[in-house]
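Examining the three-dimensional arrangement
Take a look at the letters that make up each chain.
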Amino acid sequence: MTTTELETTARALAAGGKGILAADETVSTVSKRLEALRIESTADSRRAYREMFFTTPGIAEFLSGVILQDETIRQRSSKGPRLADVLAQQGIPPGIKVDHGAKPLAGSPGETITEGLDALRDRLEEYRAMGARFAKWRAVIAIGDKRPSPACVSANAHALARYAALCQEEGLVPIVEPEVLMDGSHPIERCEEVTGDVLHAVFDALFDQRVSLEGMLLKPNMVISGKECARQASIDDVAQATLRCLRRHVPAAVPGIVFLSGGQSPVLATEHLNAINRLEGPKPWKLTFSYGRALQDEALQAWLGKRENLDAGQQAFYQRARCNSAAALGQYTSAMEVERVIA
Ligand code: 13P
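Scoring rules and cut-offs
- Residues numbered from 1 in each chain as written.
- Predicted model: local features only at pLDDT ≥ 70, side-chain atom pairs only at ≥ 80, totals over all residues.
- Heavy atoms only, no water.
- Buried < 20%, exposed > 50% of the residue type's maximum accessible area, 1.4 Å probe, protein only.
- Helix = DSSP H or I, 4+ residues; strand = E, 2+ residues; numbered from the N terminus.
- Pairing = 2+ DSSP bridges.
- Right-handed = clockwise from strand over helix to strand, strands pointing away.
- Near = heavy atom within 4 Å.
- Polar contact = N/O pair within 3.5 Å; in protein donor to acceptor, adjacent residues only side chain to side chain.
- Areas by Shrake-Rupley, 256 points an atom, 1.4 Å probe, with all protein chains shown as cover.
- Nonpolar A, V, L, I, M, F, W, Y, C, P; charged D, E, K, R; others polar.
- Core = buried A, V, L, I, M, F, W, Y, C linked by side-chain atoms within 4.5 Å.
- Contact = heavy atoms within 4.5 Å.
- Salt bridge = Lys/Arg side-chain N within 4 Å of Asp/Glu carboxyl O.
- Axes fitted to C-alpha atoms, helices over the stretch in contact; angles between N-to-C directions.
- Disulfide = S-S within 2.5 Å.

Moving on to the pairing of strand S7 (residues 173–180). A regular strand carries its side chains on alternate faces of the sheet. Counted residue by residue, S7 has eight buried out of eight residues, so it is predominantly covered. Neither face of S7 is open: one carries Val 173, Ile 175, Glu 177 and Glu 179, the other Pro 174, Val 176, Pro 178 and Val 180, and all of them are buried. Across eight bridges, strand S6 (residues 134–141) lies against S7 in parallel orientation. Across the sheet, the residue bridging to Trp 137 is Val 176, located in S7. Between the parallel pair S6 and S7, the chain is carried across by helix H7 (residues 150–170), and the sense of this crossover is right-handed.

So this is what it looks like as C-alpha cells:
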C-alpha cells in the first residue's frame, strides 16, 4: 500500500458518521462474557456470536470497519465464506488486533506493558494476505497512587510507536490505542492530566519512529471520572475535558480519533460521543467510535446464545450502531432510543 492508500484507508475508517466495531476480544475475554450469561464458549459459539454482528442487515450504513482477532479472521461463517470476506463483501474493511496483551511490567508493581513486537512483521504480512486493512494495539495505563510511573508510560508509548511503524511498512493502518483505565476513585481532573501526559509521550514516540500521522488513527479513552469517584462529571464536563485534552495533545495531521468505550454503559458512551461532536470550536480530526462492550452488550443480552434470538440480537445491535452513527455527527437525540427502525 502506498502512503496515499494508507491515508485514504485511515480517512475512510473515521468518515461519514460511521465508526468501528471492536470485536477483537481474545478467546479468554469473550469466553468470560459468554459464560457470565451461561453461554458455553466453543469455537462454534464464538463464531455464531461474531456472525450475528457481521450479518446484521443494513449494518454497513453505520460501520466503517470491524476489528477481528486471530481466531475470528481464520474462521468461516455458517454459510461457508470466511468471516473476513463476509465483511469485505459489504464494503466493511476487516482489521486485526495484533498485540499479545498487557503483561506485568518488571520493576513496576501493578503496571503493565503490552507485548507482541517479536515476529510482528511476519504476522502483519500474513494478516494482510488474509484481507486485513488495518490493525490495533492496546496499551493499558492504570491511575493510582504514584501511577502511572514514567517507566510504564514511556515503555508503552515506545511499543505503540514500534508497532505503528511496522504496520505502515506492511500497508496496514495502525490504530494506536493508549487506554487510561476508568478504574479508581480519582476525579476527572486527574484523568485529564494523565491522559494528556500519555498522549504527549505517545506522539513523541510516534515522531521518533517516523510514523506518518496522516496514515494512522488514535483510539483514546474519553476524559472521565474514575468509576468509584463520588463526584461523577456531567456529560458536558466530560465532553469539554475530552476535547480540551485532545486539542492540546493530538496533531491536526491525524485524520481520526476513534474512542473506546472502556466500561461506560452503551447509552452513556453514545451521549458522550454526541456531546463531544456538538461542542463549538476547532475539531481538526473526525471524532467517532470504536466501541467493544458499548456496541455489543445489548445484543449479547438479547441473543443469549439461542438461534431463535438471532433477530432480537441483530435488532439491538442495529439500534445501538444507528445511535452511535448519529452521535458521530452530533445528531443523536434520546428520542432515537425508543424509535424502532429496522433495516
Ligand atoms: P471497549 O469499547 O469495550 O473498551 O473496547 C474497545 C477496545 O477495542 C478495547 O481494546
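Next comes the rest of the description.
With that settled, consider the site of the ligand. What surrounds the ligand is a group of 13 residues, the closest being Lys 136, Lys 219, Ser 261, Gly 262 and Arg 293. One of the side-chain nitrogen or oxygen atoms of Lys 219 is found 2.6 Å away from an oxygen atom of the ligand. Here an oxygen atom of the ligand and a side-chain polar atom of Ser 261 are 2.4 Å apart. For the ligand, whose unbound accessible area comes to 300 Å², protein coverage reaches 91%. Elements supplying a minimum of two residues to the shell around the ligand: S6 and strand S10 (286–291). When its residues are assigned to classes, the shell around the ligand shows three nonpolar, four polar and six charged.

By size, the foremost hydrophobic cluster in this structure holds 112 residues, and its most contacted members are Phe 54, Tyr 163 and Leu 206. Non-local contacts of Phe 54, meaning those with residues more than four positions away in its chain, are made with Leu 21, Ala 23, Val 66, Leu 68, Thr 72, Leu 83, Val 86, Leu 87 and Gln 90.

For the rest of this paragraph, the subject is the pattern of salt bridges. A side chain with one charge can pair with a side chain of the opposite charge if their charged atoms come near. Applying the stated criterion to the full structure yields 21 salt bridges. Measuring nitrogen to oxygen at the nearest pair gives 3.5 Å for the salt bridge that ties Arg 33 to Glu 25. Given the relative accessible area of 9%, Glu 25 is considered buried. What you see here is one network of salt bridges that share partners, running through Asp 24, Lys 136 and Glu 177.

This part is about the side chain of Glu 179. Relative to the helices and strands, Glu 179 is located in strand S7. Classification of Glu 179 by relative accessible area gives buried; the value is 4%. At a separation of 2.6 Å, a polar atom in the side chain of Glu 179 contacts the side chain of Arg 138. Sequence-distant contacts of Glu 179, that is, excluding residues within four places in its chain, are made with Arg 138, Ala 139, Val 140, Ile 141, Asn 221, Leu 260 and Gly 262.

On to helix H11 (residues 293–303), then. Three or more residues of H11 are buried, namely Ala 294, Leu 295, Gln 296, Ala 299, Leu 300 and Trp 303. Those residues of H11 hidden inside the fold are in contact with strand S1 (19–22), helix H2 (27–35), helix H3 (43–54), helix H10 (266–278), S10 and helix H12 (310–328). Once H11 ends, the next one or two residues include Leu 304, with phi positive near 55 degrees.

Look at the link from Arg 147 to Pro 148: it is a cis peptide, with omega at 5 degrees. Mapped onto the secondary structure, Pro 148 falls in the loop between S6 and H7. Phi at Arg 38 is positive, roughly 60 degrees, even though this residue is not glycine. For Arg 210, which is not a glycine, the phi torsion comes out positive at approximately 60 degrees. Note that Arg 210 resides in the loop between helix H8 (188–208) and strand S8 (217–218). Given a relative accessible area of 76%, Arg 210 falls into the exposed group.

Here we come to the environment of Met 52. Among the secondary structure elements, Met 52 is positioned in helix H3. Exposure remark for Met 52: the relative accessible area of 0% places this residue in the buried category. C-alpha of Met 52 to C-alpha of Arg 307: the two residues are 255 residues apart in sequence and 9.8 Å apart in space.

What follows covers the sheet that holds S7. On the basis of which strands lie adjacent, the closed barrel formed by eight strands has the order S1-S2-S3-S6-S7-S8-S9-S10 and parallel pairing. Alignment of S8 against strand S9 (residues 256–259), held across two bridges, turns out to be parallel. Bridge assignment links Leu 217 to a residue of S9, and that residue is Gly 256. Its contacts with the sheet place helix H9 (residues 235–249) against S8, S9 and S10, and it is angled at close to 140 degrees to S9.

Moving on, we get to the state of the cysteines. Inspection of every chain in the model, using the stated rule, returns zero disulfides. Here Cys 191 is not cross-linked by a disulfide; its sulfur's nearest cysteine counterpart is in Cys 245, at 7.7 Å.

A word on the pairing of S9. Residues of S9 alternate between two faces, with Gly 256 and Val 258 on one and Ile 257 and Phe 259 on the opposite face, all of them buried. Remark: the S8/H9/S9 crossover connection has right-handed handedness. Sheet topology note: the S9/S10 ladder contains four bridges and is parallel. Within S10, the residue paired with Val 258 across the bridge is Thr 288. For the handedness criterion, the β-α-β arrangement of S9, H10 and S10 is classed as right-handed.

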